[in-house]
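Letter by letter, the chains look like this.
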Amino acid sequence: MLEIDIQKRLRDFELEVKLDVEAGQTLMLVGDNGCGKTTLLNLVAGLENPDRGRIALDGKVLFDCSKRIIVPPEARGIGYVFQSYALFPHMSIYDNVAFGLRIRRMAAGEIKILVKEHLEAAGLWEIRAAKAANVSGGQKQRAALARALIIEPRLLLLDEPLSALDVRKQATMRRELRETIRACAVPCIIVTHDLRDVASMGDQACLLEQGKIAQHASAEDVLSWGLGADPDGER
Amino acid sequence: MSQNIACDQTELIAERETANRDHEFIGIYSRLARASLKAGIAVLLIIAMSFIALPIIALFLKSPLDTTLQSLRDPMALDALRLSLTTSALTTLIVVVMGTPIAYVSARFHYFGKEIADSLIDLPVIMPPAVAGIALLMAFGRMGIVGHYLNAFGISVAFTTLAVIMAQVFVSSPFYIRQARTSFEDVDVSFENAARTLGASRVYTFFHVILPIAINGLISGAIMAFARSLGEFGATIMFAGNFQGRTQTMPLAIYTAMQGDLDVSLCLSIILVAISFAVIILVRTMTRRVTRRC
């Protein structure tokens, strides 16, 4: 289980979040641009540090201000899919997915078996030699997810994983993503702007406003938010 | 009534004809203006190109190939060529090894006094080389603020080959560091973050992710620093002197030969021009590759 209870002073407001995500559960984080969604993911991943509070994953403390515990991002075991996918442009799809395993000094044969398994599951084995910069948006998204999943993370963080795809691809990827996340059985936080993502992939949802949780409900109840405070004013 | 209508129509036609003539006149005028603007720019371009190309062409015309090849056997030319290439290569190595971490820190982190540090790094670009030479002499010369202590240990820096390298490092390091800093700034921070979350340490991330992405920019910077070192004159002559085989680099040898054998001077100049051309082509190729990849 992921436990978050943190505060951080941002430029315009104070980010103050307290929430738990059970293993196998997907929390959808929605809110306007600049409300602190991506910052929250970065704080959990250890890419930024909170000013106060505590973050724990499966009972292991990742950050504790009072005890001065700060586990660096490389030791947190978190699978993070960035909004831009952040595939290393100088590497092939294969090398991108193998990156995390090579750091763990796994044997070359074992790496090959695992990478093949993940790339085949993602439908990317045929283009394994292609440079990451030269593949389509959908392929990038699947490669980024495969790269995050292959290290067997204890937590998944996805920052607007479907926003770079066209609408037709989004529906297919939404289904694939839901199945893949369910199969992992780890806590998962997905940042999104799209209420369709919330309805189809989430178990619970949080509406973040100016760094505070304005609403917290089950994913089914999210559509009713549109009647009151629309979390996505652009649509 | 009908007469009035006919009169109005005639006036209308006359007005239209006047308007058409005006339009035609404006059209011709704007075409003429455009043509003269183009001609003006072309003349300006030809003058600028001639101004740069003419001295280089003159260099080749005044030095026939057989004379150039013969001058290349002159001990002075050979010593200067060897010394210039060796010191410039060593300088580039020092600048790359020391400048890369400095450029990375400058691109990624904010620290107290960063503005001052960045300005200091850029200072040698605008500082006259002769001033740089005097400054180096005042710091590391026999009576300099550091050289004074070094001298007590029997270490003499000024007027040695080491002084040549120090002068070259001083003037050429900003060329590398500025280019490297821009290249590191261009590497999206999300690549770094992705590598960290996948388990890579900062050092592993730097060598396996950031450096390969920024490499073309770094090579361009290193080539520029090498070229600047090769052409260095003012700081070297002030701080290292002009001793054949020890501190007399190619620009210094050109200056010295000018007073005796002009052929040697021309021969060395042609070699420097050839290297400069090669550098420009290399940098342009590298930059094009970076732009295409982005």
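Computed from a predicted structure; not experimentally measured.

Looking now at the domain arrangement of chain A. For interface size, the figure often reported is the accessible area lost on association. Residue and element names in this part refer to chain A. When its domains are assigned, chain A resolves into domain 1 (1-77 + 154-235) and domain 2 (90-152). On a C-alpha basis, the centres of domain 1 and domain 2 stand 25 Å from each other. The interface of domain 1 with domain 2 comprises 12 residues on the first partner and 8 residues on the second. Roughly 790 Å² is buried in total at the junction of domain 1 and domain 2, and carbon and sulfur atoms are behind 71% of that figure. Counting the surface domain 1 buries against domain 2, the share from its top three residues, Leu156, Leu165 and Met173, is 39%.

Here we come to the interface of chain B and chain A. The interface of chain B with chain A comprises 16 residues on the first partner and 22 residues on the second. Summed over both sides, the interface between chain B and chain A buries roughly 1,700 Å², with carbon and sulfur atoms accounting for 71% of that surface. Our enumeration of links across chain B and chain A arrives at 1 salt bridge. Residues B:Arg196 and A:Glu74 are paired through a salt bridge, measuring 2.6 Å at the closest nitrogen-oxygen approach. On inspection of chain B and its partner chain A, the count reaches 4 residue pairs in polar contact (both at pLDDT 80 or more). At the level of secondary structure, the elements contributing two or more residues to the side of chain B that touches chain A comprise helix H8 (189-197) and helix H9 (202-231) of chain B. Broken down by element, the side of chain B that touches chain A gets its largest block of residues, 7 residues, from H8(B). Of the residues that constitute the side of chain B that touches chain A, the class distribution is 9 nonpolar, 6 polar and 1 charged.

Turning next to the pattern of salt bridges. Within the structure shown, the criterion is met by 18 salt bridges over all chains. As a salt-bridge pair, A:Asp194 and A:Arg174 come within 3.6 Å of each other at their nearest N and O atoms. Of this pair, A:Asp194 sits in the loop between strand S9 (188-192) and helix H6 (195-201) while A:Arg174 sits in helix H5 (residues 167-184), and the two are 20 residues apart along the sequence. When its relative accessible area of 7% is taken as the criterion, A:Asp194 is described as buried. Residue classification places A:Arg174 among the buried positions, given a relative accessible area of 10%. The partner of A:Asp203 in a salt bridge is A:Arg182, and the shortest N-O contact between them spans 3.1 Å. Linking A:Asp203 in the loop between H6 and strand S10 (204-209) with A:Arg182 in helix H5, this pair joins segments that are 21 residues apart in sequence. Salt bridges here are not isolated pairs; linked through shared partners, they connect B:Lys114, B:Asp118, B:Asp122, B:Arg178 and B:Arg181.

Moving on, we come to a nonpolar patch on the surface. The grouping of B:Leu90, B:Leu93, B:Ile94, B:Val97, B:Met98 and B:Ile102 at the surface amounts to a nonpolar patch, some 530 Å² of accessible area in total. Residue placement: B:Leu90 occurs in helix H3 (residues 75-108).

Our next topic: the packing of H8(B) against H9(B). Residue and element names in this part refer to chain B. H9 packs onto H8 with a crossing angle of 140 degrees between their chain directions and a minimal axis gap of 10 Å. Note that H8 runs across H9; the crossing there is right-handed. Taking contact as the criterion, the partners of Phe191, Glu192, Ala195 and Arg196 in H8 are, on H9, Arg202, Thr205, Val209, Ile210 and Ile213.

The rules behind these values
- Residues numbered from 1 in each chain as written.
- Chains lettered and ligands numbered in written order.
- Predicted model: local features only at pLDDT ≥ 70, side-chain atom pairs only at ≥ 80, totals over all residues.
- Heavy atoms only, no water.
- Domains from an automatic or database assignment.
- Contact = heavy atoms within 4.5 Å.
- Buried area = accessible area lost by both parts, 1.4 Å probe.
- Salt bridge = Lys/Arg side-chain N within 4 Å of Asp/Glu carboxyl O.
- Polar contact = N/O pair within 3.5 Å; in protein donor to acceptor, adjacent residues only side chain to side chain.
- Helix = DSSP H or I, 4+ residues; strand = E, 2+ residues; numbered from the N terminus.
- Nonpolar A, V, L, I, M, F, W, Y, C, P; charged D, E, K, R; others polar.
- Buried < 20%, exposed > 50% of the residue type's maximum accessible area, 1.4 Å probe, protein only.
- Patch = residues over 30% accessible without salt bridge, like charges linked within 9 Å, V, L, I, M, F, W, Y side chains within 5 Å.
- Areas by Shrake-Rupley, 256 points an atom, 1.4 Å probe, with all protein chains shown as cover.
- Axes fitted to C-alpha atoms, helices over the stretch in contact; angles between N-to-C directions.
- Left-handed = near helix turned anticlockwise from the far one by under 90°.

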